[in-house]
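# Coordinate inspection notes
Now for the letters of each chain:
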Amino acid sequence: MSHHTAMVPEATWVARWAGALLCLMVAAIHVVDQGGITATRDPYYVGVAYHVLEIAAVVTAVLLLIGPVRLGWLLAAGVAVGPLLGYILSRGPGLPDYSDDVGNWTEPLGLVSLAVEGALLLLSVPFFVRSSRRST
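None of these values were measured; they are calculated from a predicted model.

Within the chain, the regular secondary structure consists of 4 helices and 0 strands. Along the chain, helices and strands appear, N-terminal first, in the series α-α-α-α. Taking the principal axes of the C-alpha coordinates as reference, the chain spans close to 50 × 25 × 25 Å. Sorting the 136 residues of the chain into buried and exposed places 38% on the buried side. Pairs at least 24 residues apart make up 65% of the contacts formed inside the chain by residues separated by at least 6 positions.

Set out below in structure tokens:
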């Protein structure tokens with residue numbers, strides 16, 4: 001049996017479902033923050049980054065449930081780290097042509113996003129490391 005179809009302990013399935021739900025929450029938070037699925041934030045590169053994150057989060061959720069789990073956990077860490085880094089940069093020094101959020105560290109939706117992304121990161125890294133050890 002391949003690692004795609006092998007029996008997975010129940011605890012791992014719970015973690016995979018939790019990771020998938022957290023990924024979908026990251027996507028939903030960013031859709032709300034940008035003003036809807038068809039909206040794009042300004043400047044353009046920030047809007048594109050939002051759309052890429054949302055798509056990556058949905059693809060990652062699917063991978064965690066039915067695809068290569070190791071890749072899923074790696075992408076889940078990226079789905080968590082990307083917006084965390086964006087939050088820090090946009091609130092701290094600001095981004096090129098985007099200074100609207102500089103100093104806005106306590107925005108409620110931003111804090112919810114940090115909590116979800118932090119939980120996803122804390123979940124995904126150990127499971128990625130664990131899946132890497134099994135495949136070697």
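Taking 1.5 Å per residue, 25 residues should reach 36 Å; helix α1 (residues 10–34) reaches 36 Å between its end C-alpha atoms and fits that length. Residue Gly35 follows α1 closely and has a positive phi angle near 95 degrees.

So, about the pattern of salt bridges. When charged atoms on two side chains of opposite charge get close, those side chains can pair. Applying the stated criterion to the full structure yields 3 salt bridges. Asp33 is the partner of Arg41 in a salt bridge, and the nearest nitrogen-oxygen pair spans 2.9 Å. Using a relative accessible area of 16% as the deciding quantity, one classes Arg41 as buried. In this structure, Arg91 engages Glu107 in a salt bridge whose closest nitrogen and oxygen atoms are separated by 2.4 Å. Within this pair, whereas Arg91 is found in helix α3 (residues 69–91), its partner Glu107 is found in the loop between α3 and α4 (108–135), the two being separated by 16 residues in sequence.

This part covers the nonpolar core. Within the largest apolar cluster, 20 residues are counted, with the highest numbers of intra-cluster contacts made by Cys23, Val26, Trp73, Ala76, Val79, Leu120 and Leu123. Mapped onto this core, the elements with two or more residues apiece are α1, α2 (44–66), α3 and α4. For this core, the element with the highest residue contribution is α1, accounting for 7 residues. When neighbours within four sequence positions are excluded, Cys23 is seen to be in contact with Ala57, Thr60, Ala61, Leu64, Ala76, Val79 and Leu120.

Let's shift gears to a nonpolar patch on the surface. There is a patch of nonpolar side chains on the surface, built from Trp13, Trp17, Leu21, Leu24, Val58, Val62 and Ile66 and spanning about 670 Å² of accessible area. At the level of elements, α1 and α2 are the ones that each hand at least two residues to the nonpolar patch. If you tally residues by element for the nonpolar patch, the top one is α1, at 4 residues. Mapped onto the secondary structure, Ile66 falls in helix α2.

How each quantity is defined
- Residues numbered from 1 in each chain as written.
- Predicted model: local features only at pLDDT ≥ 70, side-chain atom pairs only at ≥ 80, totals over all residues.
- Heavy atoms only, no water.
- Helix = DSSP H or I, 4+ residues; strand = E, 2+ residues; numbered from the N terminus.
- Buried < 20%, exposed > 50% of the residue type's maximum accessible area, 1.4 Å probe, protein only.
- Contact = heavy atoms within 4.5 Å.
- Expected span 1.5 Å × (residues − 1).
- Salt bridge = Lys/Arg side-chain N within 4 Å of Asp/Glu carboxyl O.
- Core = buried A, V, L, I, M, F, W, Y, C linked by side-chain atoms within 4.5 Å.
- Patch = residues over 30% accessible without salt bridge, like charges linked within 9 Å, V, L, I, M, F, W, Y side chains within 5 Å.
- Areas by Shrake-Rupley, 256 points an atom, 1.4 Å probe, with all protein chains shown as cover.

Take it as geometry only, folks, not as evidence of what the structure does.
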